[in-house]
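Structural overview
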Protein chains: 2
Amino acid sequence: MASHLSIDDVAKRTGLTAHTLRYYERIGLISPIARAAGGQRRYGTADIAWIEFLLRLRTTHMPISKMLAFAGLRSAGDSTISQRRHLLQTHLAEVQIELEAMNRCVAALQEKIEHYHSLEPCHSSTFNPEENLPDDHTKPLPARTGETP
Amino acid sequence: MASHLSIDDVAKRTGLTAHTLRYYERIGLISPIARAAGGQRRYGTADIAWIEFLLRLRTTHMPISKMLAFAGLRSAGDSTISQRRHLLQTHLAEVQIELEAMNRCVAALQEKIEHYHSLEPCHSSTFNPEENLPDDHTKPLPARTGETP
DNA sequence: CTATTGGTTTGAGCGCGCTCTAAGTCAATA
DNA sequence: TATTGACTTAGAGCGCGCTCAAACCAATAG
């Protein structure tokens, strides 16, 4: 259960910095970590699991304030399981909405790229700085891009 | 082409605040908007289209610094079209990676919810504050949740 | 016995993306 | 004419999520 990992080990494993790990502990997102002689943190597998869970919440854009609420419920024991589930479900519902918005925007941006393709004189697909071929009659600033006119 | 919309009209249409619209113009994300007598902004359809495009970039988490780069290319004329396309494609590639990460996390969180379901004593699916039925032998703090032990 | 390494703490600072304030200008109305 | 109210500007302030700095301590190497 206690795999005595140092803070740097955990940093490498999780991609967080040691700074951030201490910060998370300070604000209560991570409960106090066991210490070796000398006061150095020793993370157990349960700690790692919790951190990885936090990272999943972070990846799905849960604000720290909500993670703190979740952590509070968790530390209050098994009687809060339904509340934790509720919190998670609410969050996932928000995430679904965000994902749909993102997907819509991605689709629109891909269409814009298609549009650019049709506008390009030669279509070299990689970026090439020497690519100022046609000095078209360019309207300087208000070069609109053609959405919802 | 000029549909003489006031800043508040545009705010309502786009969901941005008038403050934010002025801020975007100040930092160069939006090029100087035409003015009515008295100096009030009058937005045209091309302006609206550009703002909606910016919102799509924002929804897909493009930082303002990159939007500024894009805006700069745009105002430099048609010769920058391939660079704009490149910028957009790079961005979309990042977005795809982010979307995949989010989807993986959503799946994991949904599994966690399933797990909670199996742990719950009675399963009332809506949140109920009076739900402290079983005072189980609860481990106070280190109530681990069971990922990767 | 130093010097180095690698951790510790508290608190300050920072980058981002707004958000708000203060002071001023203008157009229309009482 | 006086006042209202919507708009303008430049600049300060804020919430979030880190990120860093300064000072200190413990263990090991030379």
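This report concerns the structure included in the present document. (Residues numbered from 1 in each chain as written. Chains lettered and ligands numbered in written order. Predicted model: local features only at pLDDT ≥ 70, side-chain atom pairs only at ≥ 80, totals over all residues. Heavy atoms only, no water.)

Taken together, 17 residues lie around DNA strand D, and A:Tyr24, A:Arg58, B:Arg22, B:Arg35 and B:Arg41 are the ones closest in. One of the side-chain N or O atoms of A:Arg58 is found 2.9 Å from a phosphate oxygen in DNA strand D. Within the backbone of A:Ile64, a nitrogen or oxygen atom sits 3.4 Å from a phosphate oxygen of DNA strand D. Secondary-structure elements contributing two or more residues to the surface near DNA strand D are helix H2 (18–26) of chain A together with helix H1 (7–14) and helix H2 (18–26) of chain B. With five residues, H2(A) is the single largest residue contributor to the surface near DNA strand D. (Near = heavy atom within 4 Å. Polar contact = N/O pair within 3.5 Å; in protein donor to acceptor, adjacent residues only side chain to side chain. Helix = DSSP H or I, 4+ residues; strand = E, 2+ residues; numbered from the N terminus.)

Below, the discussion takes up the side chain of B:Thr14. Residues and elements named next belong to chain B. Checked against the element boundaries, Thr14 lands in helix H1. Judged by its relative accessible area of 14%, Thr14 falls in the buried class. If we skip the residues at most four places from it in the chain, Thr14 touches Ile51 and Leu55. (Buried < 20%, exposed > 50% of the residue type's maximum accessible area, 1.4 Å probe, protein only. Contact = heavy atoms within 4.5 Å.)

Quick look at the pattern of salt bridges now. The tally for this structure, following the rule as stated, stands at six salt bridges over all chains. Ionic pairing is found between A:Arg41 and A:Glu25, a salt bridge with its closest N-O pair at 2.7 Å. Placement of A:Arg41 in the loop between H2 and helix H3 (45–59) and of A:Glu25 in helix H2 is noted, with a sequence separation of 16 residues between them. Take A:Arg41 and A:Glu25: they sit in the same class, and that class is buried. A salt bridge links B:Arg35 to B:Glu25; the shortest N-O distance between them is 3.4 Å. With B:Arg35 in the loop between H2 and helix H3 (45–59) and B:Glu25 in helix H2, the pair connects residues that are ten residues apart, well separated along the chain. By relative accessible area, which is 43% here, B:Arg35 ends up partly exposed. (Salt bridge = Lys/Arg side-chain N within 4 Å of Asp/Glu carboxyl O.)

Geometric descriptors of this kind do not, in isolation, establish any biological role.
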